[in-house]
Amino acid sequence: MADTVADTRRLFAKPQDLTDAYGPPSNFLEIDVGSPETVGVGRNRFTTYEIRLKTNLPIFKLKESRVRRRYSDFEWLRAEVERESKVVVPPLPGKALFRQLPFRGDDGIFDDSFIEERRQGLERFLNKVAGHPLAQNERCLHMFLQDETVDKNYTPSKIRQT
């Protein structure tokens, strides 16, 4: 049997300069969910969250955006991505039905600790969905992240990279 020797030579990389080392990454997508605000009174009370997006991915029309969304908007996004793409969509943080019961000793779904826990869950959800290459082609995701209002009667379609 013939002896084979593996080629262990390394590829020679271009030396890195300061611009390469400390410049912006080649592709990035940063999404933060924060600044929760509870608005309304009584049964019309709800919490909105600010979604901040920064990216250099060419598929997004805006490189920076800020919008406000409520939990029901996240539910809509999840249903749309699941229906329109072949992506396995992660679950949202729970609805917290127990916290909505009357005569509780705390603020229920408007309690600061619950709002923070939900905010973290929504941020994880959104980063997983938006980070998926197939989901990035969905018009519903772009509308959710970058349009001031969500048109729930939109015509589903794919975004073409420019």
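The following refers to the structure shown. Everything numeric in this text was worked out from a predicted model, so none of it was measured. (Residues numbered from 1 in each chain as written. Predicted model: local features only at pLDDT ≥ 70, side-chain atom pairs only at ≥ 80, totals over all residues. Heavy atoms only, no water.)

1. Comments concerning the sheet that holds strand β3 (residues 64-70)
Threshold: Here, any two strands with at least 2 DSSP bridges between them count as paired. Only runs of H or I of at least four residues qualify as helices and only runs of E of at least two qualify as strands under DSSP, and these elements are numbered from the N terminus. All axes are obtained by fitting lines to C-alpha atoms, using only the stretch in contact for helices, and the reported angles, taken between N-to-C directions, cover 0 to 180 degrees. Whether two residues are in contact is decided by their heavy atoms: any pair within 4.5 Å suffices.
Taken in spatial order, the 3 strands line up as β1-β2-β3 in an open sheet, and their pairing is antiparallel. Both edges of this open sheet fall to β1 (29-39) and β3, since each of them pairs with a single strand only. When strand polarity is set aside, the average angle formed by the axes of neighbouring strands in this sheet is 20 degrees. Pairing analysis gives 9 bridges linking β1 to strand β2 (residues 46-55), with the strands arranged antiparallel. When the bridges of β2 are listed, Val33 appears paired with Ile51. In this fold helix α2 (residues 71-84) packs onto β2 and β3, with an angle of close to 105 degrees to the strand it touches most, β3. Helix α3 (residues 112-130) contacts β1 and β2 of the sheet and is inclined by roughly 150 degrees relative to β1.

2. A look at the packing of α2 against α3
Using the following cut-off: To sort the angles, those under 35 degrees are grouped as roughly parallel, those over 145 as roughly antiparallel, those from 65 to 115 as roughly perpendicular, and the leftovers as oblique. If you view the pair so one helix is near and one far, a crossing is left-handed when the near helix is turned anticlockwise from the far one by less than a right angle, and right-handed when it is turned clockwise.
Orientation of α2 relative to α3, taken along the N-to-C sense of each, is 25 degrees, at an axis distance of 12 Å. By the angle between their axes, α2 is roughly parallel relative to α3. Judged by the sense of rotation from one axis to the other, the crossing of α2 with α3 is left-handed. Facing α2, whose interface residues are Tyr71, Phe74, Leu77, Arg78 and Val81, α3 presents Arg118, Leu122, Phe125, Leu126 and Val129.

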